[in-house]
Amino acid sequence: MYHHAVTDTVDTGELTRPGLREASWDSIRDIFAIAPNSIHLNTGTIGVMPYAVLDTVDRVTREWTGGLMDVYPPGMYPEHRATIARAYGVDQDEMSICHNATEGVARIIHGLDLHEGDEVITTTHECYSVLSNFNLLRNRHGITVKALTLPIGNDVTAEEVVALFEAAITSRTKVLAFAAITLFTGTKLPVRQLCDLAQRHGLITVVDGALVPGMLNADFRAMGMDFMACSGSKFQCGPLGTGLLYARNKVTEHNPLPLPTFWPIISTWYPMHGSPPPRSRTDVESDNLADYLQSAGSASIARGAALAKACEIWDEIGRARIEDRIMALAEYARGKLADRFGRDALYSPGTDPELRSPLIAFHPFRRSEDAWNVKKIHMYMKRLELEHRIWIRWTEFDVQDSPHQHYAARITTHIFNDHDEIDHAVDVMGRLGDEMS
Ligand SMILES: Cc1ncc(COP(=O)(O)O)c(C=O)c1O
């Protein structure tokens, strides 16, 4: 059975009840509003809201409708930002709630103090939300964008990845920009090592952390970057249209470089006269940077409350426990996929544990040239969805030394998945891959 009916042993609406920390994964699954009789293996694109998060959207929307209320202070989300920041090891003055990772990363990229001739090193495996904004800066201000193609496959190592970035750095490089987990091949890049590299060269680090919240038990400060934009609606299972924007606002041993010049675009907080105070040189903030980013007119109060609710649920279940569960399911799925399709069919790293993530991309067909047949991979995904109610996605990416982009099938595991679902999905995906080969 891969659909669990909601049982009355689990209260799906109110999450202050005790026990979520000890609850079985079967009963935790029941707090999620999963479409019935379906297998959702696509959290890399969109997660599933817990019922309590849905209820929060509804309740808070109603509370703030129809009255003569001052909607501006709660739209700054001071407490929600504090709750969320705490969950990720940082402070409220560094955390703002934005609309998604795309918006967050755009606000970071356009807030950087980059000028003609400055160079940004990134990868061709970044989301278009990252590449399009750097390309815009290239056209607008004459910066150089150097996009590296990451190695792929089961046996890629963290050392290879770091060496690739290191070899690309020049005297003009100002920024390293990369995903914490890439969406195309599910490669978990060695963020701490890349930040160490950047710090050795005095570079600013911009991390696309769309997939981080809700997946990793992450301490943003210890990761060492200057900026990270995250999605709230993927692994964190908040409402669509939620994201987190982390901007380092103090100097600590995790990143001892001076705080970079940053222009908080889209802000009604920026002073009418003069400038904000000079940025801190210590571990005490000189100003609340996140307030500048948060202050941008009327905001959905419900959205912030619901994202904070999702974070509270995660804290209650336990973020280390969640990460362990997600990765245990991913390793199970990786093994099953390798058995069914062969290890060479895997685009995602597997040998180096540091690079593994719960996003696993693979080639589902027998003939290797089908890897650049976009119609076929699209049809494969559609048939899984329409004939089997299995939701995955296909991805496309550059491959070193290949004239073609490759198209892969990608699955993602989350805590609401289970072993039976993975068995069933791999079986169906294998049979369909054979049939279409
Ligand atoms: C790595 C990565 N970056 C950015 C995005 C864009 O995220 P959002 O929809 O929150 O803007 C995605 C979406 O899949 C992603 O996987």
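What you see is a predicted model; the values in this text were computed from it and never measured.

1. With respect to the overall build of the chain
Okay, step 1: Scanning the chain from terminus to terminus reveals 13 helices and twelve strands.
Okay, step 2: Since a compact globule built from 437 residues should have a radius of gyration of about 22 Å, the 22 Å found for the chain is in line with a globular shape.
Okay, step 3: If one aligns the C-alpha atoms of the chain with their principal axes, the spans along those axes are about 70 × 55 × 35 Å.
Okay, step 4: When each of the 437 residues of the chain is scored for burial, the buried share is 56%.
Okay, step 5: For the chain, contacts bridging at least 24 residues in sequence account for 72% of all contacts bridging at least 6.
Okay, step 6: By element, 54% of the accessible surface of the chain is carried by carbon and sulfur atoms, the whole surface being about 17700 Å².
Okay, step 7: Taken as two groups, the 42 positive and 57 negative side-chain charges of the chain have centres that lie 3 Å from each other.

2. Let's talk about the side chain of T56
Okay, step 1: Here T56 is to be found in helix α2 (residues 51-63).
Okay, step 2: Within polar-contact distance, the side chain of T56 engages the backbone oxygen of A52 at 2.7 Å.
Okay, step 3: With residues near it in sequence (within four places) discarded, T56 still touches T61, A305, A306 and K309.

3. Some thoughts on the domain arrangement of the chain
Okay, step 1: Domain annotation of the chain identifies domain 1 (25-51 + 318-436) and domain 2 (74-312).
Okay, step 2: A straight line from the C-alpha centre of domain 1 to that of domain 2 covers 27 Å.
Okay, step 3: Contact with domain 1, which involves 41 residues of that partner, is made by 42 residues of domain 2.
Okay, step 4: Taken over both partners, the interface formed by domain 1 and domain 2 buries close to 3300 Å², and the fraction arising from carbon and sulfur atoms is 54%.
Okay, step 5: Between R343 and D155 there is a salt bridge, with the nearest N and O atoms lying 3.4 Å from each other.
Okay, step 6: Seen at the junction of domain 1 and domain 2, the total is 24 residue pairs in polar contact (both at pLDDT 80 or more).
Okay, step 7: Elements that contribute at least two residues to the side of domain 1 that touches domain 2 include exactly α11 (319-341), β9 (359-362), β11 (393-397) and β12 (406-412).
Okay, step 8: Among the residues making up the side of domain 1 that touches domain 2, the classes are represented as 18 nonpolar, 13 polar and ten charged.

Thresholds applied
- Residues numbered from 1 in each chain as written.
- Predicted model: local features only at pLDDT ≥ 70, side-chain atom pairs only at ≥ 80, totals over all residues.
- Heavy atoms only, no water.
- Helix = DSSP H or I, 4+ residues; strand = E, 2+ residues; numbered from the N terminus.
- Rg over C-alpha atoms; globule rule 2.2 N^0.38 Å.
- Buried < 20%, exposed > 50% of the residue type's maximum accessible area, 1.4 Å probe, protein only.
- Contact = heavy atoms within 4.5 Å.
- Areas by Shrake-Rupley, 256 points an atom, 1.4 Å probe, with all protein chains shown as cover.
- Lys, Arg positive; Asp, Glu negative; His and termini not counted.
- Charge placed at Lys NZ, Arg CZ, Asp CG, Glu CD.
- Polar contact = N/O pair within 3.5 Å; in protein donor to acceptor, adjacent residues only side chain to side chain.
- Domains from an automatic or database assignment.
- Buried area = accessible area lost by both parts, 1.4 Å probe.
- Salt bridge = Lys/Arg side-chain N within 4 Å of Asp/Glu carboxyl O.
- Nonpolar A, V, L, I, M, F, W, Y, C, P; charged D, E, K, R; others polar.

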